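# Fold and contact review
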Amino acid sequence: MTVTSSNVAVRSLLKQGLAAHRRGDFVAAEEAYVRVLQIDAAQVDALHMLGTLHHQRGDAARARDLLDRAVAAADAAQAAAVLANRASVHLACGDLAAAESDARDAAKADPNAFGAWFNLGLALQAQGAAAGAASAFAHASALRPQHTRALLEWLSAATASQQFAGIAQRLRSPLPALAGMRQSTLDVAMRMVRYGQAGPAFVVLSQLRRELPHDEEVRRRHEIERAYGAAGLLEQQGGTDAALAAVDTVLQGAPWHRAARMLRAGVFAERGEAADAVAEYRRIAEIVPDDAIAGSALLIAMQYDPAQSADGIADAHRAWAKRHMLRTAPRLSAHELHADPDRPLRIGWLSPRFFSGLVADFFLPALEKFDRAEAVHILYDSGAVVDATTAGLRVAADEWRRIDELDDEALCELIRRDRIDVLVELSGHSPGNRLRALASRPAPVQATWLDYFHSTGTDAIDVLISDASLSPPSLAHRYSERVLTLPSGRLCWSPPLDAPPAVPRGAIPLRFASFNRVNKLNDAVLAAWSRILESVPGSVLRLKARAFDIADQHAHFLARCAKHGIAAQQLELHGYGSHAQALLDYADADIALDPFPFSGCATSLDALWMGVPVVTQIGETMVSRQTASLLASLRLDDLIAENADDYVRRVLDLANDAVRRSELRATLRERVREKLCDAHRHACELSVALREAWQLWCRGDLEPGKSE
């Protein structure tokens, strides 16, 4: 407490008043504060503490009057505490806007003022702004790590807004005592579990269990989370059958357990049981309708399920956006920003996967080739993985931002501060995406590309970058974005430098191959493959997937194949191993079989590079047209089937044409190199598309539903 008056009597009276106030003697405290004000009517500390006292007594009107006078008399050093307490009075009176305003002013005056951030969190929370509340409570909890309510309010608001940045790191540090807020702790833990944060919930419950070892309800809840954790460990170790049994036990006692159902859905998906995965994700949506992450998982699962229609999938994406992106900001005005259609641009790229993998494989070559006179490129890394590829991306970028610990509000503030003209998000609905942040429209133009093969469904994304095969004009009605197509294809591939040569193949036995993940191998695919194997006596099918390194999944897949009449001796099931080994395993393969409706991309490119032709079945979704897009670029339309019967027919035609297969084996690599591997051309086309998006925005012509 700062005493501004030099009057000894004032200092003495304030000391007496504060001592009485602390011990709860409000009468003595009030008397001391009043006597100070009789000496100095504008004494800030006396006005402040007397106002606080009346607030504690429930006299809001008197409290507000005194705090108003204190604010008017306070200097910069005193303002934060007074404003924070006046925010408390506004909260008690239900004047939430005034409470928010005072709390923000207090935090601005003193960023280390706990009460300012805490009251800001309460004000925002009461107004339904859970994301902002989570950010404010996070600040408050950082300032007072042992403040129990601040931590619990943060966890609660973060869960409600699904803004989990920083929570795992915080829970690795000592927690405050929780027993004094037992029910609130149980409620927060329950909410966290329902929104997929079972791990953090277990940490909180473990602390509460240690504090209340004889509390039966705490014990029961802790045991549920421990049982779920054991199921998750079984799944990670490859014991999928045991994991499913353990999860079912958890769900018998806790049918609401979101994380257990997510684990169950994930096992179904990885086994290729797409319909069961979709059903489980839909059950989660019923239990936790506001769970955007599980909602995105459902959208992905639907694209693996041949029973889902293209219209149904598109409608589900729009429904997700309607539920989870309610406050999409209006598009920024080019007139207001004095936009110049031809100036150099500032382009942002947002992804959680700036490390070794497919995103880097397809993005890094273009990033290195971009014309820096046209644009500056800033990368926003929302992942937490750093490897050698990350270092390469950082070198290729003009600027780099690590944002995995930023909530949506802070992320958007950073993008605005960076003055981004075109923001390209690279995730769509893939895990770790930040789609919901973009509802605030931090950039004038927002685009999507690369790591998701579908329209996002949200009006917050203006442009989707594709190609004419993936996204023909006839399918434009299924896109919420304006579709801009690249002439040479949506993607550019960098072939492996150490790939072995594509050598001629002997005639016996005819070997089909598919190195796609098992989750793409649904029953419709297995049925078609069964027909193919039956029609080519002595033929074998080589499959490579990490699932086949796991005994449970290996056995389960063989059982599924047997139901379709595919005998174990017709199969060569290999674990995926290294990429180099996968390329070698194409050396004695004749025809690659593309799954459907979720077709291959990188696996198809590998096969083609090794001289192995790929037969695909095209559909009406982007993901069902990936391999078809590659084949169209190579002028191999005869390998693109329209339906399952046509798929089988085209595979058998190729199986019976050794001359055609030999010609393709000798020429495919050069075709791929010419048509799909020109990074300079791809970078130019991508730059032209982003410039076009910017110019469309400058003209006010970015309406969705068009394909160009």
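Before any of the text, the structure's been laid out above.
Our subject in this report is the structure included herewith. (Residues numbered from 1 in each chain as written. Predicted model: local features only at pLDDT ≥ 70, side-chain atom pairs only at ≥ 80, totals over all residues. Heavy atoms only, no water.)

## Remarks on the overall build of the protein chain
What the protein chain contains, in helices and strands, is 29 helices and 13 strands. Viewed in the frame of its principal axes, the protein chain has a C-alpha envelope of about 105 × 65 × 40 Å. Across the protein chain, every contact between residues at least 6 apart in sequence was considered, and the portion connecting residues at least 24 apart equals 68%. About 28700 Å² of surface is accessible on the protein chain, with carbon and sulfur atoms providing 53% of the total. Of the side-chain charges in the protein chain, 78 are positive and 88 negative, and the distance between the mean point of each set is 3 Å. (Helix = DSSP H or I, 4+ residues; strand = E, 2+ residues; numbered from the N terminus. Contact = heavy atoms within 4.5 Å. Areas by Shrake-Rupley, 256 points an atom, 1.4 Å probe, with all protein chains shown as cover. Lys, Arg positive; Asp, Glu negative; His and termini not counted. Charge placed at Lys NZ, Arg CZ, Asp CG, Glu CD.)

## Structural notes on the sheet that holds strand E10 (residues 571–574)
In spatial order, the strands read E10-E9-E8-E11-E12-E13; together these six strands make up an open sheet with parallel pairing. Two strands lie at the open edges of the sheet, namely E10 and strand E13 (640–641), each paired on one side alone. The pairing of strand E8 (residues 511–514) with strand E9 (residues 540–544) spans four bridges and is parallel. Counterpart to Ala513 in the pairing with E9 is Arg542. Where helix H27 (residues 644–655) meets the sheet, its contacts fall on E8, strand E11 (591–593), strand E12 (614–617) and E13, and the angle it forms with E12 comes to roughly 165°. (Pairing = 2+ DSSP bridges. Axes fitted to C-alpha atoms, helices over the stretch in contact; angles between N-to-C directions.)

## Examining the pattern of salt bridges
Oppositely charged side chains are able to pair whenever their charged atoms sit close together. Under the definition given, this model contains 50 salt bridges. In this structure, Asp215 and Arg182 form a salt bridge, with 2.5 Å as the shortest nitrogen-oxygen distance. Of this pair, Asp215 sits in the loop between helix H12 (198–211) and helix H13 (216–236) while Arg182 is found in helix H11 (residues 182–194), placing the two residues 33 residues apart along the sequence. Owing to a relative accessible area of 16%, Asp215 belongs among the buried residues under this scheme. Take Arg182: its relative accessible area is 24%, and that puts it in the partly exposed class. For Arg560, the salt bridge goes to Asp523, with nearest N and O atoms at 3.1 Å. (Salt bridge = Lys/Arg side-chain N within 4 Å of Asp/Glu carboxyl O. Buried < 20%, exposed > 50% of the residue type's maximum accessible area, 1.4 Å probe, protein only.)

## Concerning the environment of Leu50
By the secondary structure assignment, Leu50 is in helix H3 (residues 44–57). In this structure Leu50 comes out as buried when scored by relative accessible area, which is 2%. In this structure the C-alpha to C-alpha distance between Leu50 and Ala29, which are 21 residues apart in sequence, comes to 8.1 Å. For Leu50, the contacting residues outside a window of four places in its chain are Glu30, Tyr33, Val34, Leu37 and Leu66.

## Observations concerning unusual backbone geometry
Omega for the peptide link from Phe596 to Pro597 comes to 5°, which places this bond in the cis form. In this structure, Pro597 sits in the loop between E11 and helix H25 (602–609). A positive phi is found at Arg441, a non-glycine position, where the angle reads about 50°. Along the chain, Arg441 turns up in the loop between strand E4 (422–425) and strand E5 (445–448). Although it is not a glycine, Leu450 sits at a positive phi angle of roughly 85°.

## A short note on the packing of helix H14 (residues 240–253) against helix H15 (residues 258–270)
Here H14 crosses H15 at 150°, and the two axes come no closer than 9 Å. As far as their axial angle goes, H15 and H14 are roughly antiparallel. Between H14 and H15 lies a crossing of left-handed hand. Counting all contacts with H14, which are made through Thr240, Ala243, Leu244, Val247, Asp248, Val250 and Leu251, the residues of H15 involved are Ala260, Arg261, Leu263, Arg264, Val267 and Phe268. By residue class, the composition of the contact of H14 with H15 is nine nonpolar, one polar and three charged. (Parallel < 35°, antiparallel > 145°, perpendicular 65-115°, else oblique. Left-handed = near helix turned anticlockwise from the far one by under 90°. Nonpolar A, V, L, I, M, F, W, Y, C, P; charged D, E, K, R; others polar.)

## Concerning the nonpolar core
Counting 113 residues, the largest nonpolar core has Trp349, Phe363, Trp449, Phe512, Trp529 and Tyr647 as the members making the most contacts within it. Considering each element in turn, this core owes the most residues, eight residues, to helix H29 (residues 679–698). If we skip the residues at most four places from it in the chain, Trp529 touches Ser514, Leu521, Leu541, Leu543, Ile566, Leu593 and Tyr647. Core analysis: the next-biggest nonpolar cluster, separate from the first, contains 102 residues, Ala106, Ile167, Leu171 and Ile461 among them. (Core = buried A, V, L, I, M, F, W, Y, C linked by side-chain atoms within 4.5 Å.)

## Describing the pairing of strand E1 (residues 345–351)
Across the seven residues of E1, seven count as buried, placing the element largely inside the fold. Alternating positions in E1 separate into two faces, Leu345, Ile347, Trp349 and Ser351 on one and Arg346, Gly348 and Leu350 on the other, with burial throughout. As paired elements, E1 and strand E2 (residues 375–381) share seven bridges and run parallel to each other. By the bridge assignment, Arg346 is partnered in E2 with Val376. In this view, the connection linking E1 to its parallel neighbour E2 by way of helix H19 (residues 358–369) has right-handed handedness. (Right-handed = clockwise from strand over helix to strand, strands pointing away.)

## Points about the packing of aromatic side chains
Taken as a whole and assessed by the stated rule, the structure comprises 14 aromatic pairs. Seen in terms of ring centroids, Trp349 and Phe363 are 4.8 Å apart; in terms of plane orientation they differ by 45°. Their pairing is tilted. Of the two residues, Trp349 is situated in strand E1 and Phe363 in helix H19; the sequence distance between them amounts to 14 residues. The exposure class of Phe363 is buried, given its relative accessible area of 0%. With a centroid separation of 4.9 Å and an interplanar angle of 35°, the aromatic rings of Trp694 and Trp697 are classed as tilted. (Phe/Tyr/Trp six-rings, centres within 6.5 Å; stacked < 30°, edge-to-face > 60°.)

## A closer look at helix H16 (residues 274–287)
Side chains three or four residues apart in an α-helix point the same way, a direct result of the helix having 3.6 residues per turn. Over its 14 residues, H16 extends 20 Å from the first C-alpha to the last, a length consistent with the 20 Å expected when each residue adds 1.5 Å. Residues Ala274, Ala277, Val278, Glu280, Tyr281, Ile284 and Ile287 constitute the buried set of H16. Against H11, H15 and helix H17 (292–302) lie the buried residues of H16. (Expected span 1.5 Å × (residues − 1).)

## Topic: helix H28 (residues 658–676)
In this model H28 runs 26 Å from its N-terminal to its C-terminal C-alpha over 19 residues, within 8% of the 27 Å that 1.5 Å per residue would give. Where H28 bends most, at Thr667, the angle is about 45°. Next to the buried residues of H28 lie E11, H25, helix H26 (626–633), H27 and H29. (Bend = angle between axes of the 7 residues up to and from the residue.)

## Overview of the sheet that holds E4
Here we have seven strands laid out as an open sheet, ordered E3-E2-E1-E4-E5-E6-E7, and parallel in their pairing. A single partner strand is all that each edge strand has here, and the edge strands are strand E3 (399–402) and strand E7 (482–485). Ignoring strand direction, the axes of neighbouring strands in this sheet form an average angle of 25°. One ladder, built from four bridges, connects E2 with E3; its direction is parallel. Residue pairing in the sheet places Tyr380 in a bridge with Arg401 of E3.

Nothing here speaks to function; it is geometry throughout.
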